[in-house]
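Close look at the chain arrangement
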Amino acid sequence: MFDLVEAIEVLQEVRRGGDGFECRTLQTPHGGIFGAYQLFQIVIAAEQEIPDKRVFSIQTIFAHGGSSGDPAQISIETLQNGRSFAFLTITYKQSNVIISRHEVMLTVDEADFLHHRNAGSAPRDLSQWEELQSGLWPQVAHRDPESNIQQLAIHYQLPKQPSPTITRAMLALVSEPAVMASLSTYSDIPASSPGRVPGNVLAQTITLLEPADLVRGVVLRTTTQYAGQGRVHGNGTMVDVDGNLIATYSTTGVLRQPR
């Protein structure tokens, strides 16, 4: 579902047009635009809009599913652009339908005045982790065989380091489906139709703290904290293979009984 060549050629085609940017979308089995794909493109649009800064955090509301395969438009309102930070409100839409809205903070990285990380323990022996065909990563990933709903741990790598912008876009992308993947893997959720889970992400926040070395890889750790009353909530971290904190994320979604 996420071929590397297709990802680079399609998802990064975010070009200026109209009052903002124009972008292509990838066809999906259910017909909607994956939120993960939107986050990928939001990183690219934000860093084109403010080229002297990099994305630090994205707070997203997914309002509509959209029509995958059809072009989309990205409009940007600059709330503030100063020496150290910029704040943008970004709207992802198709024609007059708002698909998602994103509050994006960009930053200029500065020298450490105080350096503190609380990432937990370093990952265990990665050589013992099992292969995992991830639908949203262009290479085979590896999952900790001791993973459970309390902590799903997956090691993601690439054979070549992308640009810093694409690296951040990849981290944003892979964070979005993590909580739902944990539930579908470790809970008995009946599918509403073949290959589909009757749920989707409603709100997503990711904070990108440090640069990521995707050749050595990052380890995504997801904790599903709550599922009930038709809703689901969880959060997680990304660390490097030495256990250093790279990013954090939080997900709230809908998960209804299939009709």
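Worth saying up front: this structure is predicted, and the values here are computed from it rather than measured. Note on numbering: residues in each chain are counted from 1, in written sequence order. The model is predicted, so local features are restricted to residues of pLDDT at least 70 and side-chain atom pairs to those at 80 or more, both for listing and for counting; the totals for chains, interfaces and linings are taken over all residues. The basis for every side-chain value is the complete set of heavy atoms in the structure, and neither hydrogens nor water enter the calculation.

**Considering the nonpolar core**
- In this text, buried Ala, Val, Leu, Ile, Met, Phe, Trp, Tyr and Cys residues form a nonpolar core when linked through side-chain atoms within 4.5 Å. Note on classification: 1.4 Å probe, protein chains only; a residue is buried when its accessible area is under 20% of the maximum for its type, exposed when over 50%, partly exposed between these limits. Counting residues in hydrophobic clusters, the biggest one holds 63 residues, and the most contacted among them are Ile74, Val104 and Met238.
- Strands here mean DSSP runs of E at least two residues long; helices mean DSSP runs of H or I at least four residues long; both are numbered from the N terminus. Looking at this core, the element that brings in the most residues is helix α2 (residues 35-49), giving nine residues.
- Formed by six residues, the second largest nonpolar core is a distinct cluster that contains Ala119, Trp129, Val219 and Val239.

**Describing the layout of surface pockets**
- Considering only enclosed or pocket space, the second largest pocket measures out at about 450 Å³ in volume.
- Only protein atoms enter the 1 Å grid, on which a cavity is a set of points fitting a 1.4 Å probe that cannot get out and a pocket is an open set with protein on both sides within 12 Å along at least 5 of 7 lines, lining residues being those with an atom within 4 Å of a point. In terms of lining, the second largest pocket is formed by 19 residues, of which the most central are Phe56, Asp109, Asp112, Leu209 and Glu210.
- Elements that contribute at least two residues to the lining of the second largest pocket include exactly β3 (54-62) and β6 (97-107).
- The residue classification treats Ala, Val, Leu, Ile, Met, Phe, Trp, Tyr, Cys and Pro as nonpolar and Asp, Glu, Lys and Arg as charged. All others, Gly included, are polar. Across the lining of the second largest pocket, the residue classes tally to nine nonpolar, four polar and six charged. Grid points are joined across faces, edges and corners, and a volume is the space filled by probe spheres set on the points.

**A look at unusual backbone geometry**
- Positive phi is not limited to glycine here, since Ser95 has a value of about 55 degrees.
- Exposure remark for Ser95: the relative accessible area of 61% places this residue in the exposed category.

**Focus: the pattern of salt bridges**
- Each reported salt bridge corresponds to a side-chain nitrogen of Lys or Arg within 4 Å of a carboxyl oxygen of Asp or Glu. As enumerated under the stated definition, the model contains ten salt bridges in all.
- Here Arg16 ties to Glu49 by a salt bridge, and the two come within 3.3 Å at their closest N and O atoms. Residue Arg16 is located in strand β1 (residues 14-17), and its partner Glu49 is located in helix α2; the two are separated by 33 residues in the primary sequence.
- For Glu49, a relative accessible area of 25% puts it in the partly exposed group.

**Topic: a nonpolar patch on the surface**
- Each patch is built from residues that are more than 30% exposed by relative accessible area and take part in no salt bridge. Like charges join if they lie within 9 Å; nonpolar side chains (Val, Leu, Ile, Met, Phe, Trp, Tyr) join within 5 Å. Per-residue and other accessible areas were derived by the Shrake-Rupley procedure at a 1.4 Å probe size, with only the shown protein chains allowed to occlude residues. A cluster of nonpolar side chains, Leu79, Phe85 and Phe87, forms an exposed patch at the surface whose accessible area comes to about 260 Å².
- Within the element layout of this structure, Phe87 appears in strand β5 (residues 85-94).
- With relative accessibility at 33%, the residue Phe87 sits in the partly exposed group.

**Brief notes about the side chain of Ser182**
- Structurally, Ser182 can be placed in helix α4 (residues 178-186).
- Throughout this description, a polar contact denotes any pair of N or O atoms lying within 3.5 Å of each other; where both atoms belong to protein, one of them has to be capable of donating a hydrogen while the other can accept it, and for residues adjacent in sequence the pair is counted only when both atoms sit in side chains. Polar side-chain contacts of Ser182 include one of 3.2 Å to the side chain of Thr224.
- Here a residue-residue contact requires only that any non-hydrogen atoms of the pair lie within 4.5 Å. Sequence-distant contacts of Ser182, defined by excluding residues within four places in its chain, comprise Asn148, Ile149, Leu152, Ser187, Thr222 and Thr224.

**Here's the deal with the packing of α2 against helix α3 (residues 164-175)**
- To obtain an axis, a line is fitted to C-alpha atoms, over the contacting stretch when the element is a helix, and the angle between two such axes runs from 0 to 180 degrees between their N-to-C directions. In the contact formed by α2 and α3, the axes pass within 8 Å of each other and the chain directions differ by 150 degrees. The orientation of α2 relative to α3 falls into the category roughly antiparallel. The chirality of how α2 crosses α3 is right-handed. Between α2 and α3, the contacting residues are Ala36, Tyr37, Leu39, Phe40, Val43, Ile44 and Glu47 on the first element and Thr165, Ile166, Arg168, Ala169, Met170, Ala172 and Leu173 on the second.
- Grouping the constituent residues of the contact of α2 with α3 by class yields eleven nonpolar, one polar and two charged. Working rule for angles: under 35 degrees goes down as roughly parallel, over 145 as roughly antiparallel, 65 to 115 as roughly perpendicular, anything else as oblique. By definition, turning the near helix anticlockwise from the far helix through less than a right angle yields a left-handed crossing, and turning it clockwise yields a right-handed one.

Any link to function would need more than the numbers given here.
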